[in-house]
Amino acid sequence: MPPRLAIKDISFFERQVAFARPFRFGAVVIDGTPQAFVRVEIEVEGKGRATGASAEFLVAKWFDKRPHLSPQETVTELRRSLLIARDIYLAHSGLETAFGLHAACISAQIEACAAEDIPPLAAAYGPAEIDKAILDALLRCTGANFFDGMAANIAGIDARLSRDIGDGDVTKLLASRKRLERVAIRHTVGMDDEVEGEGGVADARENAGARYFKLKLNGDPAHDADRLIRIGHELATLSHDYRVTLDANEQYSDLAVLGALIDRLDRDAALRPIASKLLYIEQPMPRDITRQSPLGALARRDFIVDEADDSYDAFPIARALGYRGISSKSCKGIYKSVINATRAARWSAAGEKCFVTGEDLTCQAGLAVQQDLALGALIGVTHAERNGHHYVDGFGDTPAAEAEAFLAGHPDLYTRDGGKVRLAVHDGDLLTGSLTTPGFATSVHPDWSAMSPLAEPIAKNSLEKAV
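Residues numbered from 1 in each chain as written. Predicted model: local features only at pLDDT ≥ 70, side-chain atom pairs only at ≥ 80, totals over all residues. Heavy atoms only, no water.

**Student:** An account of empty space enclosed by the protein is requested, with residue identities and associated values reported.
**Tutor:** Under the criterion given, the structure shown has 5 cavities of 30 Å³ or more. A volume near 100 Å³ is recorded for the largest cavity. Lining the largest cavity we find 17 residues, and of these Trp62, Lys216, Asp360, Leu361 and Asn387 sit closest to its centre. Breaking the lining of the largest cavity down by element, the ones donating at least two residues are strand E1 (5-25) and strand E5 (212-216). Across the lining of the largest cavity, the residue classes tally to 6 nonpolar, 3 polar and 8 charged. Approximately 70 Å³ is the volume attributed to the second largest cavity. Along the walls of the second largest cavity sit 13 residues, with Gly358, Asp372, Gly376, Val381 and Ala384 positioned nearest its centre. Broken down by secondary-structure element, the contributors of at least two residues to the lining of the second largest cavity are strand E10 (355-358), helix H14 (367-379) and strand E11 (383-386). Broken down by element, the residue count for the lining of the second largest cavity peaks at 5 residues, all from H14. (1 Å grid on protein atoms, 1.4 Å probe; cavity = no way out; pocket = protein on both sides within 12 Å on 5 of 7 lines; lining within 4 Å. Points joined across faces, edges and corners; volume = space filled by probe spheres on them. Helix = DSSP H or I, 4+ residues; strand = E, 2+ residues; numbered from the N terminus. Nonpolar A, V, L, I, M, F, W, Y, C, P; charged D, E, K, R; others polar.)

Structure representation (structure tokens):
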């Protein structure tokens, strides 16, 4: 039986991270963001207490893109999501498995956040970060590494939140998975990034030798096609083969506009360096329009959902609309990623092409990138978008001693270069060997004394009552 545990304490911290260059995706440009850190203390039945940790950027205007909200208001939503989740998790009495605790709390979290006009994707952020820290503590307490622990289903993941599969399907998937020793990076090309020449997409100093590229779109078919032609011209000069994915971040307004881009990809010879290497197109339309718009003939290309993945039934809904895949992001929930990987394996075994991808939400070096990388290496994500090493200067303003500790604990994943500790990319790949340490993919916890407590915004409904 999976071990049962009780939550004793949950603490939140944050640290500002400056970007080395602006990052434009969709309609927003960010040049820095706070990183949230979670510290959890648990007591495991018959084994004692342990502390776990997780981290993730508080990224503006991704979880909630509604135009009437400012970037700062969307960051405030994520802080509220964490704080609401803490209250719900701490209020849960008695012993539970790690997944059982998540399953017992997630509905209350969605409901409480909805009362503050926080949408489901942002609502899931708080439980996602707490769940990662709980799993880290559980693995440390039992002396297990992430891959062995998950193979044995130490978290007790079952199908109670996803009735289209069975408990045995989940157990079978976890028991069959072997850690990927290498995961290829997929180099992100933001809308404001250089295309040609020095610092451009084909510059090995810029792309770290990547064989996979993720190209951002802005929702204007003509503009996007012209930019993709330029990018394709550069990628065609690479000395090695490559593959690309396209990400619109909900910017295509409807199927007709999206169809104009697909038609160009199918017919324009100048786009062949992109079209012939294209793996899939990610989240082209707004999440609400996505749910109302079967892809129809456009499904001749492979599409995935990302921002529309805001519930445990999102993948089956998307599949019925013609989507073939869904993204895995630890900020959306590690357990949902496992469930979706189970679905993809089951559907694929029946002869249908279905898959889970690795899409990175600017995971910073340290806890965030390691835990997200381990999750992908577990569920079979062979290449993953990695933003953190590209848009942040190594560990950024992380205290030097903390960065050095991560380098010492994970020497295959980091390197010292130009006076900074940075992510180490080996022939376009990240290595996962050191992630097998006891705990959730990390032998190191951050320096809690070198960050500030999480800013605690007042609940929106409390403000309305005060007015």
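**Student:** Run through the pairing of strand E3 (residues 48-57), naming residues and quoting values.
**Tutor:** Within E3, 7 of the 10 residues are buried, which leaves the element mostly enclosed by the surrounding structure. Sheet analysis places strand E2 (residues 28-44) next to E3, joined by 10 bridges and oriented antiparallel. Note that in E3 the partner of Glu43 across the bridge is Arg49. Hairpin connection of E2 to E3: 3 residues between the antiparallel strands, including Gly46 at a positive phi of 75°. (Buried < 20%, exposed > 50% of the residue type's maximum accessible area, 1.4 Å probe, protein only. Pairing = 2+ DSSP bridges.)

**Student:** Any chance you could break down the layout of surface pockets for me, citing the residues and the numbers?
**Tutor:** Empty space among the atoms can be located by rolling a probe the size of a water molecule over them. The space that makes up the largest pocket amounts to roughly 360 Å³. Contributing to the lining of the largest pocket are 20 residues, with Arg205, His389, His390, Arg422 and Leu423 lying nearest its centre. Every element with two or more residues in the lining of the largest pocket is listed here: E1, helix H7 (204-207), helix H15 (388-391), strand E12 (414-417) and strand E13 (420-423). Residue classes in the lining of the largest pocket are distributed as 9 nonpolar, 5 polar and 6 charged.

Keep in mind these numbers describe shape, not what the thing actually does.
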